[in-house]
Amino acid sequence: GTERVCAELRVYALPAAPAKWVFTHPSGAALSADAQRRRGRSGTHVGIDVENGQPLAEILSVRLVDNYANVVNPASVCEGDAAELHPVIRVEGGVQEAGVAPMLALEGKRHSEFELDVEFRSERQRMEYALTGRTRLGGGRALSLRGTCRTLSLRVEDRLERFGGASVQLNLLAGEPGMLRLSEDDAAKLSEELHTRKHFDALRFVVTDREGNRVDVDTLDTARGLVVKNPKFDAKVVVGGGARPKRSGDRDEWELRDVSFTATHTLGDGGAAATPAPPIEHTLFCEGAQATLKSEHYKLKCAPFKLRTQPSNLFVVGIGAVIEQEQRLEAGSKLFEFKVWAVMEDGSKTPAAEFGTALDVLLRTPKGREISLKRDKSLYGLDANIVKDKQLVEVGEYVVEARYTEARPQVEKLLRACRCETLVQRTLKAFEVRAGPPAKLVAAHRLAEAVQVNNTDRLQVLGELKLCLHDAYGNETGAAGAACLAGGAVALVLERVRGDECEADGGAFASGGNSTAPSVDEQRSAPCRVALSGSEGQLTLGPLLLKQGTGQGDCVMRLRFALESSTALAMPAPITVTFTDMHGRNAVQRQRQKELERQQQAQRDEARRRKEALQSACDELDAADAEEKQRHVEIFKACEALKFQLKQCIDSCAQFTGWAREQAQFTGRGLLVRQSNDMLASWLMQLLPWDTSRGLTARDQVAALTRAAELLRKTHDDCGLGCTQ
């Protein structure tokens, strides 16, 4: 017929037999042509970037396909073992060295290969494998790559190799910032044995991921800086110029500038170590480090670093001495001479004489005065020009103190760079000086040499008077001195003087001729006798007053202090008492007498002022003399210090000249360097006491050294002659 019938046949193609494994994107999309090009077992040759620790399931998936790239259904797998078909994924490429080459990681566990889990992602039940590892219980966990950054191959195949395997090339990149460590160069420097004081212009650090790969971060902050821990020794690190790291020339390195390390290692000042001190190990790490990358903050774990320091005889850490002096001395005792030495860091002793005036020994008196002790060869003692007879006469505590100020140029420079003290101070001895036995009785205030009294309106002979027991050097003896005079007493005796004779009436008042001596007003006067025992070293006598209207005729009397004891004591000088009988005179005579007494008092006051002025002038002269002596002592010390520094310069020049002669030879054309040793030359140039960075040639430097050595020797000899003078 003429009608046509259209028939439609729908055909559903089924996957063929499984033939090979392939890598795809997690979404199922095929990799690019370059990434999926197969070269036998080598797989792709264009790498895919993956970060350390990044889950592989985020970038890759595995499928079993036929020869036409169709994903095979489970039913098409031989013998229906799709559920048990777990391909193996492994890293290819040479020998896997632990900690160096990348390895597959499954939540902390590392291995070169893992089995993959199967996943069914559609209603058609296509067989797809996510890159997760299997656990014993059948669960899956994220699979990742960890290790040193490099290009590697990742291969997948079944264990029986029934199907063709597949490989993909990956570029393993650094992961997230996680660690902070020293740069390789600085780690090598710190691995050597160091002095206990070390200064670094800069220490460079590198931010890495947890596998040690460098990570270029935006900022780096160390909140608490560098820390050194050692439970047995006091060690510290100080960072100058701000503790915040700064980016160095390389983009991935950060540096802390002006870093100084100090480890205090001290021994007893009393002696040296029997054997050299062993090296000390310290742990250096950084606390509170944090990095910022793309506005994300990461806390960094600092890898600890071991430091080894070796104590040496370069640094003075203490001062020792043996002072054979009793703990308690009596006023007037002398300070014995003694030896002093410096204790070095390794425990060795160095005599004080080798440090010249850099090591000073002082005696601090109870009043705070500091007296420099004089060194005679190797012994220290008091200077007779400063301390009379070298006697200790002040009562109180004395302290012998030693101070060492670092003056060696190289050591001082290193200590200042490390922010260490250049002063070592030690107390060598502390002892007490007590008052001696009582030797004199002294008035607490100045006594008048003469007094004028009468029997009308001037009746007081003596006011209330405080007396103290002193030793021979003017120190109060206190209760201990009074105890030595138990049973003794002090009395006031008023005697009448007539020519060379002195009359007394039992400590009362004398009479003679037709005159009558005045009487004491016992009601208004205190007892005239005081016992010494129980006086606590202080006595109170007076007041002493005359009875009004007694006495007939003028006379001269003397008031003296009488000691009733078997121990001899120096007593205060007696007081001359002039008595005037005012009742036996008329008004004119009394007026004349008062005027005469006024003139006599004025004369006595003028004499006293002249005496005080003379004493003040003598005191000023003594002070000027003492100041002049102290100035001479300081000049002598300055000469000694200059001599010591010149000796150091001479030794330095000798060392450098010897090195120059060993390293160079002289020819007819001049100087030729025989051996290149820039490091040694740079170090030896620091021995010179002047700036050597002036562009001088080696020949000019040797000539300058020769001239300087001759000048230094001549100056040293002249300085020694000046010290002697």
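Residues numbered from 1 in each chain as written. Predicted model: local features only at pLDDT ≥ 70, side-chain atom pairs only at ≥ 80, totals over all residues. Heavy atoms only, no water.

Looking at where valine 461 falls in the secondary structure, it is placed in strand E39 (residues 460-462). Residue valine 461 is classed as buried on the basis of its relative accessible area of 5%. C-alpha separation for the pair valine 461 and leucine 544, spaced 83 residues apart in sequence, amounts to 5.6 Å. In contact with valine 461, other than residues within four places in its own chain, are Val451, Val453, Leu544, Leu545, Leu546, Leu559 and Val577. (Helix = DSSP H or I, 4+ residues; strand = E, 2+ residues; numbered from the N terminus. Buried < 20%, exposed > 50% of the residue type's maximum accessible area, 1.4 Å probe, protein only. Contact = heavy atoms within 4.5 Å.)

The subject of this paragraph is the confidence of the model for the protein. Put simply, the protein has an average pLDDT of 76, and 73% of its residues get 70 or more. Per-residue pLDDT, averaged within each element of the protein, yields its smallest value for strand E49 (residues 670-673) (44) and its largest for strand E35 (residues 396-405) (92). The low-confidence segment residues 94-99, where pLDDT is below 50, has 6 contacts with residues more than four positions distant or belonging to other chains. Across residues 665-680 the pLDDT falls below 50, and counting only partners more than four positions away or on other chains, this stretch makes 22 contacts in the model. (pLDDT = per-residue confidence, 0-100.)

We now examine the packing of aromatic side chains. Counted by the stated rule, this structure contains 4 aromatic pairs. Taking the centre distance of 5.0 Å and the plane angle of 70 degrees together, the rings of phenylalanine 355 and tyrosine 404 count as edge-to-face. You can see phenylalanine 355 sitting in the loop between strand E29 (349-351) and strand E30 (359-364) and its partner tyrosine 404 sitting in strand E35, a full 49 residues away along the chain. A single burial state applies to phenylalanine 355 and to tyrosine 404, both of which are buried. In this structure, arginine 197 is placed above the aromatic ring of phenylalanine 315, and the distance from its NZ or CZ to the ring centre is 5.0 Å. (Phe/Tyr/Trp six-rings, centres within 6.5 Å; stacked < 30°, edge-to-face > 60°. Lys NZ or Arg CZ within 6 Å of the ring centre and 35° of its normal.)

Right, let's get into the sheet that holds strand E36 (residues 423-434). If you walk across this open sheet you meet the 5 strands as E26-E36-E35-E30-E31, and the pairing is mixed. The strands lining the two open edges of the sheet, one partner per strand, are strand E26 (328-330) and strand E31 (370-372). With strand direction ignored, the average angle separating the axes of adjacent strands in the sheet is 30 degrees. As defined by bridge partners, E30 adjoins E31 across 3 bridges and the pair is classed as antiparallel. (Pairing = 2+ DSSP bridges. Axes fitted to C-alpha atoms, helices over the stretch in contact; angles between N-to-C directions.)

Applying the stated criterion across every chain, the model contains 31 salt bridges. Between arginine 403 and glutamate 370 there is a salt bridge, with its nearest N and O atoms 2.8 Å apart. In this pair, arginine 403 is assigned in strand E35 and glutamate 370 in strand E31, connecting sequence segments 33 residues apart. With a relative accessible area of 23%, arginine 403 lands in the partly exposed category. Look at glutamate 370 and you get partly exposed, because its relative accessible area is 40%. (Salt bridge = Lys/Arg side-chain N within 4 Å of Asp/Glu carboxyl O.)

Here we come to the pairing of E36. Where E26 meets E36, 3 bridges bridge the pair, whose relative direction is parallel. For leucine 329, the partnering residue across the bridge sits in E36 and is valine 433. Pairing of E35 with E36, which is carried by 10 bridges, proceeds in the antiparallel orientation. Of the residues in E36, the one forming a bridge with tyrosine 398 is phenylalanine 431.

Strand order in the open sheet made by the 3 strands is E15-E21-E22, with antiparallel pairing throughout. Of all the strands in the sheet, just strand E15 (219-222) and strand E22 (296-299) have a single pairing partner and so form its edges. Taking the axes of each pair of neighbouring strands and ignoring which way they run, one obtains an average angle of 20 degrees across the sheet. The pairing of strand E21 (residues 289-293) with E22 spans 4 bridges and is antiparallel. Directly across from alanine 291, in E22, lies its bridge partner tyrosine 298.

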